[in-house]
Amino acid sequence: AKHVEKNTERVPLNISLVVDRSGSMSGDKMAFVKKATNFVVDNLNAADQLSIVQYDDRIEVVSPSQSVKNKKQIQDLVNKIQARGMTNLSGGMLEGYNQTSISKSDKYVNRVLLLSDGLANEGITAPEKLKIIAQKKFREEGIGLSTFGVGSDYDEQLMTNLAEFGGANYYFIDTPDRIPEIFAKELDDLLSVVAQNAKLSIKFPNSHLTC
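These figures come from a predicted structure and were not determined experimentally. (Residues numbered from 1 in each chain as written. Predicted model: local features only at pLDDT ≥ 70, side-chain atom pairs only at ≥ 80, totals over all residues. Heavy atoms only, no water.)

Draft legend 1. The overall build of the chain, seen in detail. When helices and strands are counted, the chain shows six helices and six strands. The N-to-C order of helical and strand elements in the chain reads β-α-β-β-α-α-β-α-β-α-β-α. Residue burial in the chain is summarised as follows: out of 211 residues, 45% are buried. Long-range pairs, those at least 24 residues apart, make up 75% of the contacts in the chain with a sequence separation of at least 6. For the chain, the accessible area works out to roughly 11,200 Å², and carbon and sulfur atoms hold 50% of it. (Helix = DSSP H or I, 4+ residues; strand = E, 2+ residues; numbered from the N terminus. Buried < 20%, exposed > 50% of the residue type's maximum accessible area, 1.4 Å probe, protein only. Contact = heavy atoms within 4.5 Å. Areas by Shrake-Rupley, 256 points an atom, 1.4 Å probe, with all protein chains shown as cover.)

Shown next as structure tokens:
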């Protein structure tokens, strides 16, 4: 990308935070996720669009896509999330994409942030199919997927592959102390976007082709 002069007016964000609240996320994992989610809310403003989705075997929209005007109200909803049930990761991820699509615009950086241990056991569970979903959403709709692995027993391969095929970033939340550092890096990455949906086309002259 060409050099871009620093601008005090940053590009607005359109984010969906997808929170795994299945039974395997109880205890420290859920505490980490709530702290991470609240950190993101603290660092957004009214120009940004945010939605929050929670999932176990049921998919629920905690806060639909809207501008971030009442941070305390959003954080109060986050703090009520409790771990339970099975893990329909695909359903939560798809609803995150759906919420992002509601407010999707070329003037926003559009991304889904998935916070999970990746232990999918409901809905679509095949890693290859999940990767295809992430890849298709990124290529066809321009919505990236960043993943945040939580807990020592998380599925590293799945979470890494989802981020890779989803065109964004992967992180591992090992301690609560690292949450500000991790999410500051992700938000900095989002705010550093200078081009989206770029394509490279190469044409070879027929006369130069050899068999």
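There is more to say after this.
Draft legend 2. Region of the structure containing helix α4 (residues 127-141). Here α4 spans 21 Å end to end across 15 residues, near enough to the 21 Å set by a 1.5 Å rise per residue. Taken together, the buried positions of α4 are occupied by Leu130, Lys131, Ile133 and Ala134. One side of α4 carries all its buried residues, which in axial view fall inside an arc of 155°. For α4, the exposed residues set more than 90 degrees away from the buried face come down to Lys129, Ile132, Arg139 and Glu140. On the buried face of α4, the contacting elements are α3 (89-102), β5 (144-150) and α5 (156-165). Immediately beyond the C-terminal end of α4, within one or two residues, lies Gly142, with a positive phi of roughly 70°. (Expected span 1.5 Å × (residues − 1). Arc of directions from axis to C-beta.)

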